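# Tertiary structure, described
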Amino acid sequence: MTKQEKGLWVTVVVLSVGVIFMGTFIFRGMNDSSTNTGLSASDWKEPVASIAGQMISEKQWVDALKTRYGNKVLMEMLNRQAVLAEAKLQGLTVTESQVDKELQSSMEGYSSEQAFYDEMWNQFGMSSEELRAEATYQVLLEEIATRDIAISEEAVQEYYEQHEADYKPIRLFDISMIQVDDLVSANHVLERIEAGESFGKVAESESTDEYSRESKGRLGLIEENDPFQPEEMMMLAEEIQIGDVAGPVQVDEHYIIVRLNDIEEKQGMTYEEAMEDIRMMLALNDSIPLSELEEQLRSKYGADIRVKLERPAS
């Protein structure tokens, strides 16, 4: 995963979770009544913020959220009710291990499980329980989508043989990097680190790579065979011990210094787990798009939108 792809991926996950989270709040005031919101008429007008002498009431706040995100959030809420109804009708259940697996997939690209939960909490106040609820929904939706799709053992086995390496254990390198634009600067950076300065502080002040500079040079966990990372950097990381600093090495028009923070091993799948994972993936490939399935389920269970949601001004 490239640095740009990782940043985009994190943004998509965070925004998706945030939209779901807002659904628990925005529609408290859908009917603008004290009965539904738990607020009196005066409370509803109480300011939640102020700036330059101007007050912002809770109603103004909620109305703005409804206008910008209302349609998306309402669809998400209806989808969840429809999927739960269909799962109950079909007698489908979700195991803890399935939810754990779905969450692990969402955590890819983060330096650790805790880093993922911290990001979700810091950005949107999403607890681990709320994230598990979203993972449960996703698993149920996929179960519904693939329930009647049969995948042959031959197809599963063929895919496994062609991608066997993807299911084996793999090393993950926790790498920090300082990037500069010329060899003189690179040697100067090395001198400062060898003199005892913190790698992170030097990265913050000297690195020309904006992405890693913000995290004190830290790139996070990178798979040993990641094709999107510079080969020169990965070879350097493989040659040094944990805690060592090495370089400079030229990468395109830049020079980089590398620190190896740690090495972890990503657990592979057993043969049986791989077969199950492949079967689901192939079945999803043959199923209708999940967004189309959600639309069908909303229709099946009579979704009835009783409010007019305004589109944001373009």
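Residues numbered from 1 in each chain as written. Predicted model: local features only at pLDDT ≥ 70, side-chain atom pairs only at ≥ 80, totals over all residues. Heavy atoms only, no water.

### Structural notes on the packing of helix H5 (residues 96–107) against helix H7 (residues 128–146)
The line we're drawing: Axes here refer to lines fitted to C-alpha atoms; in helices the fit is confined to the stretch in contact. Angles between the N-to-C directions go from 0 to 180 degrees. Every helix listed is a DSSP run of H or I at least four residues long, and every strand listed is a run of E at least two residues long, numbered separately from the N terminus. Roughly parallel refers to an angle under 35 degrees, roughly antiparallel to one over 145, roughly perpendicular to one between 65 and 115, and oblique to any angle outside these ranges. The contact rule is simple, with two residues in contact once any of their heavy atoms fall within 4.5 Å. Residue type decides the class: Asp, Glu, Lys and Arg count as charged, Ala, Val, Leu, Ile, Met, Phe, Trp, Tyr, Cys and Pro as nonpolar, and the leftover types, Gly among them, as polar.
One can describe the packing of H5 onto H7 by two numbers: an axis separation of 9 Å at closest approach and a directional angle of 105°. Put simply, H5 runs roughly perpendicular to H7. Facing H5, whose interface residues are Glu 96, Gln 98, Val 99, Asp 100, Glu 102 and Leu 103, H7 presents Leu 131, Arg 132, Ala 135, Thr 136, Gln 138, Val 139, Glu 142 and Glu 143. When its residues are assigned to classes, the contact of H5 with H7 shows 5 nonpolar, 3 polar and 6 charged.

### Brief notes about helix H12 (residues 231–239)
Where we set the bar: Using a 1.4 Å probe on the protein chains alone, a residue whose accessible area is under 20% of its type maximum counts as buried, one over 50% counts as exposed, and one in between counts as partly exposed. Taking the helix axis as origin, the arc is that swept by the directions to the C-beta atoms.
All buried positions along H12 are accounted for by Met 233, Met 234, Leu 236 and Ala 237. Projected down its long axis, H12 shows its buried positions confined to an angular sector of 160°, all on one face. Across from the buried face of H12, at angles greater than 90 degrees, the exposed residues are Glu 231 and Glu 239.

### Comments concerning the pattern of salt bridges
Rules: Each salt bridge in this description consists of a side-chain nitrogen of Lys or Arg and a carboxyl oxygen of Asp or Glu lying within 4 Å of one another.
For the structure on display, the rule yields 16 salt bridges. The salt bridge partner of Glu 134 is Arg 80, with a shortest N-O separation of 2.6 Å. With Glu 134 in helix H7 and Arg 80 in helix H4 (residues 58–90), the pair connects residues that are 54 residues apart, well separated along the chain.

### What about the side chain of Gln 179?
With respect to the helices, strands and loops of the structure, Gln 179 is situated in strand E3 (residues 170–180). When residues no more than four places from it in sequence are discounted, the contact partners of Gln 179 are Glu 206, Ser 207, Thr 208, Asp 209, His 254, Tyr 255 and Ile 256.

### Examining the sheet that holds strand E5 (residues 245–251)
What counts here: In this scheme, strands are said to pair when DSSP sees at least two bridges between them.
The strand order E4-E3-E6-E5 describes an open sheet built from 4 strands, whose pairing is antiparallel. Pairing within the sheet leaves two strands with one partner each, and these edge strands are strand E4 (218–223) and E5. Within this sheet the neighbouring strands show an average axis-to-axis angle of 40°, counted without direction. Judged from the 5 bridges that link them, E5 and strand E6 (residues 254–266) form a sheet pairing that is antiparallel. Counted as the bridge partner of Gln 250 is Tyr 255 from E6. Of the strands in this sheet, E3, E5 and E6 are in contact with helix H9 (residues 183–194), which crosses E5 at around 170°. Packing against the sheet, H12 makes contact with E3, E4, E5 and E6, and its axis sits at approximately 115° to E3.

### What about unusual backbone geometry?
It is generally the case that most residues other than glycine have a negative phi and that most peptide bonds are trans. With an omega dihedral of 0°, the bond running from Gly 247 to Pro 248 counts as a cis peptide bond. With respect to the helices and strands, the residue Pro 248 is situated in strand E5. For Ala 52, which is not glycine, the phi torsion reads 50° and is therefore positive. Locating Ala 52 in the fold gives a position in the loop between strand E1 (47–51) and strand E2 (54–57). You can call Ala 52 exposed: its relative accessible area is 76%. Notably, Asp 252 is not glycine yet its phi reads approximately 55°, a positive angle.

### Section: the side chain of Arg 298
Which entries qualify depends on this criterion: Residues scored as positive are Lys and Arg, those scored as negative are Asp and Glu, and His as well as the terminal groups of each chain are ignored.
Inspection of the secondary structure puts Arg 298 in helix H14 (residues 290–300). The buried charged residue Arg 298 lacks any salt bridge, with Glu 295 as its nearest oppositely charged partner at 5.0 Å. If we ignore the near neighbours within four places in the chain, the residues touching Arg 298 are Met 75, Leu 78, Asn 79, Ala 82 and Ala 303.

### Regarding a nonpolar patch on the surface
Stated precisely, the cut-off is as follows: Each patch is assembled from residues with relative accessible area greater than 30% and no salt bridge, linking like charges that lie within 9 Å and nonpolar side chains (Val, Leu, Ile, Met, Phe, Trp, Tyr) that lie within 5 Å. Every accessible area reported is derived by Shrake-Rupley at a probe size of 1.4 Å, with residue values counting cover from the shown protein chains alone.
A cluster of nonpolar side chains, namely Val 48, Ile 56 and Trp 61, defines an oily patch on the protein surface of about 260 Å² accessible area. Mapped onto the fold, Val 48 is located in strand E1.

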